[in-house]
Amino acid sequence: MKKYSIIIIFVLLLGLLGLQLLRQNEANSKFEIHEQNEDVSAEDTRETAQALTVGGAVEDQPSQDGEELKEAPIKTLWEDGNFPERLQIADLDMSLVFEGQVSEELKQVILADINLVLGHVKGHEFYNLPSQIPYKMPEQTEAYKANRGLIFNGLRVARPKEYRNNFGHVIEFGGKKNVVVSAELISAYEEAWEARKSKPRKYESLGSFITWLNTAPMEDLKANNPYWLFGYDGISDAYPERAAKMRESLLPKQRKDLQVSHPSILEFTYVDRKVLEEEGAAAEQLPVGVTLADGKYIDENGVPYQQALFLYDGEKWHIAFAPAGT
């Protein structure tokens, strides 16, 4: 009897040991599967991030059935935030008024862009206009006349041409001094906003491109050189190796030396034959069918010091570089 008891106990112990080994194997299998899933997820994340940032090549990607994906509205920096209707830059804080009727959406676009364009000015001065300029305010029968203007100082970088004579005039309205956003400037913004809304992914991809330019390690910038050459005797097409060396020479040595700002929404130009004729450029000097945007190189304090010309080739954005004489 004692002999049988020992055998039974031995069998039970073997069974318990086998059960423990089985559970351990299952746990190891689950761990390996989980590890593999994590690796796949991390790889997918890296690929997705790269697709969104390197050059911003996200527009009009074909779907599996061969049809192009429809563009969905995507917010850009022009739609972020809730800007007050005031000009609050440097030592200036004045009300802004819009000439005529303007939608709240367009107001926010204009206010955001004004802050972008004038965000780095150091100060201001008033000056007397040579003659009074009439402005028609919403729901007012009489025209209000501006006899003073604003000069912004401390920023040498050129502003959009649409600002000339269309922004900076001061009127007495509502019992206080106001800076007028003229009907001409509003019209220019409205046209630019409609163009931006017609191709949302194109403009959103520029935001991704600028973020990448300002944050990517130098190794990534070298591997995916952002510079695009044109007007150099066809060097990019005829001599690709030489063009690659030239692009490499344009990259700065330090990460901090490649920082750029967003362009104004007014500073996008679609280049066609008519544009070339108006600018007096030779046909071979500028590619046709691209979009150009005037951004800025900025220093460590975010202050612009030089033009950074962005170019969209129909698929992704680049920093365009035109050698002297083009």
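We now turn to the structure provided with this report. (Residues numbered from 1 in each chain as written. Predicted model: local features only at pLDDT ≥ 70, side-chain atom pairs only at ≥ 80, totals over all residues. Heavy atoms only, no water.)

**Some remarks on the nonpolar core**
- Counting 30 residues, the largest nonpolar core has Leu87, Ile114, Leu118, Phe152, Phe167, Val181 and Tyr189 as the members making the most contacts within it.
- If you list the elements that add at least two residues to this core, you get strand S1 (86-89), strand S2 (92-98), helix H2 (104-118), strand S4 (143-153), strand S5 (167-173), strand S6 (176-181) and helix H3 (183-198).
- Looking at which element gives the most residues to this core, the answer is H2, with seven residues.
- Among all residues touching Ile114, those that are not within four sequence positions of it are Leu87, Leu96, Gly119, Tyr163, Phe167, Val181 and Tyr189.
- Core analysis: the next-biggest nonpolar cluster, separate from the first, contains 21 residues, Leu206, Ile210, Tyr227 and Tyr297 among them. (Core = buried A, V, L, I, M, F, W, Y, C linked by side-chain atoms within 4.5 Å. Buried < 20%, exposed > 50% of the residue type's maximum accessible area, 1.4 Å probe, protein only. Helix = DSSP H or I, 4+ residues; strand = E, 2+ residues; numbered from the N terminus. Contact = heavy atoms within 4.5 Å.)

**Focus: the packing of aromatic side chains**
- Going through the model one piece at a time under the given rule, you end up with eight aromatic pairs.
- Considering the side-chain rings of Tyr163 and Phe167, the 5.4 Å spacing of their centres and the 55° angle between planes classify their relative orientation as tilted. Phe167 shares its class with Tyr163; the two are buried.
- Taken together, Tyr203, Phe268, Tyr312 and Trp317 form an aromatic cluster joined through their ring pairs. (Phe/Tyr/Trp six-rings, centres within 6.5 Å; stacked < 30°, edge-to-face > 60°.)

**Observations regarding the pattern of salt bridges**
- Within this structure, the stated rule accounts for nine salt bridges.
- Across the pair Glu172 and Lys177 runs a salt bridge whose closest N-O atoms are separated by 3.4 Å.
- A residue is classified by how much of its surface remains accessible, and Lys177, at 41% relative accessible area, is partly exposed.
- By sharing partners, the salt bridges in this structure join Glu85, Glu104 and Lys107 into a single network. (Salt bridge = Lys/Arg side-chain N within 4 Å of Asp/Glu carboxyl O.)

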